[in-house]
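The primary structure of each chain is shown beneath.
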Amino acid sequence: DDWRHLPAYQLERRADIFFSVYLPDLLEQRCGFEIEGLVPEFPLRIGTIYPKADTNRSVKVDYLAKAKGTNAVVLVELKTDDRSRRTKQDWYLERAQEVGLPKLLRGLEQIVQATVRKRKYRCLLQKLADLGLITVTSEGGVEVPDQAYDVRVVYLQPNEGERGKDVICFHEAANLIERHGDGLSRRFAASLREWADVAAGERAQY
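Conventions used here
Residues numbered from 1 in each chain as written. Predicted model: local features only at pLDDT ≥ 70, side-chain atom pairs only at ≥ 80, totals over all residues. Heavy atoms only, no water. Helix = DSSP H or I, 4+ residues; strand = E, 2+ residues; numbered from the N terminus. Rg over C-alpha atoms; globule rule 2.2 N^0.38 Å. Buried < 20%, exposed > 50% of the residue type's maximum accessible area, 1.4 Å probe, protein only. Contact = heavy atoms within 4.5 Å. Areas by Shrake-Rupley, 256 points an atom, 1.4 Å probe, with all protein chains shown as cover. Lys, Arg positive; Asp, Glu negative; His and termini not counted. Charge placed at Lys NZ, Arg CZ, Asp CG, Glu CD. Pairing = 2+ DSSP bridges. Phe/Tyr/Trp six-rings, centres within 6.5 Å; stacked < 30°, edge-to-face > 60°. Lys NZ or Arg CZ within 6 Å of the ring centre and 35° of its normal. Patch = residues over 30% accessible without salt bridge, like charges linked within 9 Å, V, L, I, M, F, W, Y side chains within 5 Å. Salt bridge = Lys/Arg side-chain N within 4 Å of Asp/Glu carboxyl O.

## Some points on the overall build of the protein
Summing up its helical and strand segments, the protein has seven helices and seven strands in all. Along the protein, from the amino end to the carboxyl end, the secondary structure elements read α-β-α-β-β-α-α-α-β-β-β-β-α-α. For 206 residues, the compact-globule estimate of 2.2 N^0.38 gives 17 Å, and the protein sits close to it at 18 Å. Over its C-alpha atoms, taken along the principal directions, the protein stretches across nearly 60 × 35 × 35 Å. Per-residue burial for the protein yields a buried fraction of 44% across its 206 residues. Of the contacts made within the protein by residues no fewer than 6 positions apart, 61% connect residues no fewer than 24 positions apart. By element, 48% of the accessible surface of the protein is carried by carbon and sulfur atoms, the whole surface being about 11,600 Å². The average position of the 32 basic charges and that of the 32 acidic charges among the side chains of the protein differ by 5 Å.

## Structural notes on the pairing of strand 3 (residues 72-78)
The buried fraction of strand 3 is high, at seven of seven residues. The alternating pattern of strand 3 places A72, V74, V76 and L78 and V73, L75 and E77 on opposite faces, both of which are buried. Direction of pairing for strand 2 (residues 58-67) relative to strand 3: antiparallel, over a ladder of four bridges. Residue pairing across strands places K66 opposite V73, the latter belonging to strand 3. Hairpin connection from strand 2 to strand 3: four residues lie between these consecutive antiparallel strands, with G69 at a positive phi of about 75°. Across seven bridges, the pairing between strand 3 and strand 6 (residues 150-157) is parallel. Its bridge partner lying in strand 6, E77 is registered against Y155.

## Section: the packing of aromatic side chains
The tally for this structure, following the rule as stated, stands at nine aromatic pairs. With a centroid separation of 5.8 Å and an interplanar angle of 70°, the aromatic rings of W3 and Y9 are classed as edge-to-face. Under the relative-accessibility criterion, Y9 is labelled partly exposed at 24%. Here the aromatic residues F18, F19, Y22, F170, F188 and W195 are joined through ring pairs into a cluster of three or more. One residue, R85, lies across the ring of Y155, its end atom 3.7 Å from the ring centre.

## Regarding a nonpolar patch on the surface
Residues I17, F18 and L184 make up a contiguous nonpolar surface patch of roughly 300 Å² in combined accessible area. Tracing the backbone shows I17 in helix 1 (residues 11-31). Owing to a relative accessible area of 57%, I17 belongs among the exposed residues under this scheme.

Rendered as structure tokens:
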């Protein structure tokens, strides 16, 4: 709570591990379906969401969440500061939603083929395979089922902000989290309320 007011401290990178513990519950409450798995830092191939750019570079979405028992995935973007929302980022998440999951997964396959550092990508592919989103062949290739997925975009951020966006604000998250009743959950809920009500840097006395 104190360090978030300092200029170089990146709260989002420190806090995302705590959010990930509660994110399945938050998404179930918002979306109405159970979450069976999370994939952090899911890469979106720029050449897939922006066809004019023939590149295998990627941008990352904070979490891909797979629904249980239904063909739905949620792309989740976490912001710990309302001022860090960017129009460009909103655009590529909307484009990812329009493109659809099968093309995003095929774009990931192109990234894997192009990179010389494949070990961590193989772990990512295995995680996606465990969730039933792809099949990894014996040769290390990727097969993507050609089926429709409902792709939702949800923002997790201090306050609601722009209307029309699917936003879970921190007060809403805190109300659910503190129901767990344990000390960590109550403490994290208290921090979320402070992060929503007091913007970073507003504690300065001069």
